[in-house]
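# Fold and contact review
What follows is each chain in one-letter form.
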Amino acid sequence: EVESLLFRLIETWDGDESLEAILTMLTRVRPQTFEQLFRSILRPLTTLCHAKPPRFKAQIFTALTALLKNWLRLDWPKHYRDAADAADAAHQAAAAAAVEGDSSSSSSSSS
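Procedures and definitions
Residues numbered from 1 in each chain as written. Predicted model: local features only at pLDDT ≥ 70, side-chain atom pairs only at ≥ 80, totals over all residues. Heavy atoms only, no water. Helix = DSSP H or I, 4+ residues; strand = E, 2+ residues; numbered from the N terminus. Rg over C-alpha atoms; globule rule 2.2 N^0.38 Å. Buried < 20%, exposed > 50% of the residue type's maximum accessible area, 1.4 Å probe, protein only. Phe/Tyr/Trp six-rings, centres within 6.5 Å; stacked < 30°, edge-to-face > 60°. Lys NZ or Arg CZ within 6 Å of the ring centre and 35° of its normal. Polar contact = N/O pair within 3.5 Å; in protein donor to acceptor, adjacent residues only side chain to side chain. Contact = heavy atoms within 4.5 Å. Salt bridge = Lys/Arg side-chain N within 4 Å of Asp/Glu carboxyl O. 1 Å grid on protein atoms, 1.4 Å probe; cavity = no way out; pocket = protein on both sides within 12 Å on 5 of 7 lines; lining within 4 Å. Points joined across faces, edges and corners; volume = space filled by probe spheres on them. Nonpolar A, V, L, I, M, F, W, Y, C, P; charged D, E, K, R; others polar.

## With respect to the overall build of the protein chain
Scanning the protein chain from terminus to terminus reveals five helices and zero strands. Counting helices and strands in the order they occur from the N terminus, the protein chain gives α-α-α-α-α. For the protein chain, whose C-alpha radius of gyration is 20 Å, the value lies well above the compact-globule estimate of 13 Å for 111 residues. Judged by the C-alpha coordinates and their principal axes, the protein chain covers about 70 × 35 × 20 Å. Counting over 111 residues, the protein chain shows a buried share of 25%.

## Structural notes on the packing of aromatic side chains
Evaluated as defined, the whole model comprises three aromatic pairs. The lysine or arginine in question, Lys52, covers the ring of Phe56, its NZ or CZ lying 5.8 Å from the ring centre.

## Here's the deal with the environment of Gln36
Along the chain, Gln36 falls in helix H3 (residues 34-49). A sequence separation of 50 residues divides Gln36 from Ala86, and the C-alpha atoms of the two residues are 18 Å apart.

## Observations regarding the side chain of Glu3
Checked against the element boundaries, Glu3 lands in helix H1 (residues 2-12). A distance of 2.5 Å separates a polar atom in the side chain of Glu3 from the backbone nitrogen of Arg30. Among residues more than four places away in sequence, those in contact with Glu3 are Arg28, Val29 and Arg30.

## Focus on unusual backbone geometry
A positive phi angle is found at Ser18, which is not glycine, with a value near 55°. Residue classification places Ser18 among the partly exposed residues on the basis of a relative accessible area of 44%.

## Brief notes about the pattern of salt bridges
For the structure shown, the criterion picks out three salt bridges. For Glu3, the salt bridge goes to Arg30, with nearest N and O atoms at 3.2 Å. Linking Glu3 in helix H1 with Arg30 in the loop between helix H2 (19-26) and H3, this pair joins segments that are 27 residues apart in sequence. Salt-bridge contacts for Lys78 lead to Asp82; the nearest nitrogen and oxygen are separated by 2.7 Å. Pair noted here: Lys78 and Asp82 are both in helix H5 (residues 76-109), with a separation of four residues, about one helical turn. The partly exposed category is assigned to Lys78, whose relative accessible area is 40%. Here Asp82 falls in the partly exposed class, since its relative accessible area comes to 38%.

## Quick notes on the layout of surface pockets
In this structure, the largest pocket spans a volume of roughly 330 Å³. In terms of lining, the largest pocket is formed by Glu3, Phe7, Arg30, Pro31, Gln32, Thr33, Gln36, Trp76, His79, Tyr80, Asp82 and Ala83. Residue assignment for the lining of the largest pocket shows that the elements contributing at least two residues are H1 and H5. Of the residues assigned to the lining of the largest pocket, the class counts are five nonpolar, four polar and three charged.

Structure representation (structure tokens):
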């Protein structure tokens, strides 16, 4: 997933390498809670901004503004439905895996 790659990159990013690509990816991050956003993006960028010149900070603010504008354009009811559907699918898959694991362990223990 692109977002998880971006989140890992930002943790160790020097602020110079692939600047445009990282800022472009940043503008396309899907909505998430503030806690997730802070942990994955804002905290690492804040730390990085302390050592960078004003031009870099302006580029970061421009990218974050573009991110918020993209979020404003979202079809929020559809986004929530899709998120709920994805969560349901994940729960069903986990339940199926648990049932499968239980049946294989009980059949191997009865052998």
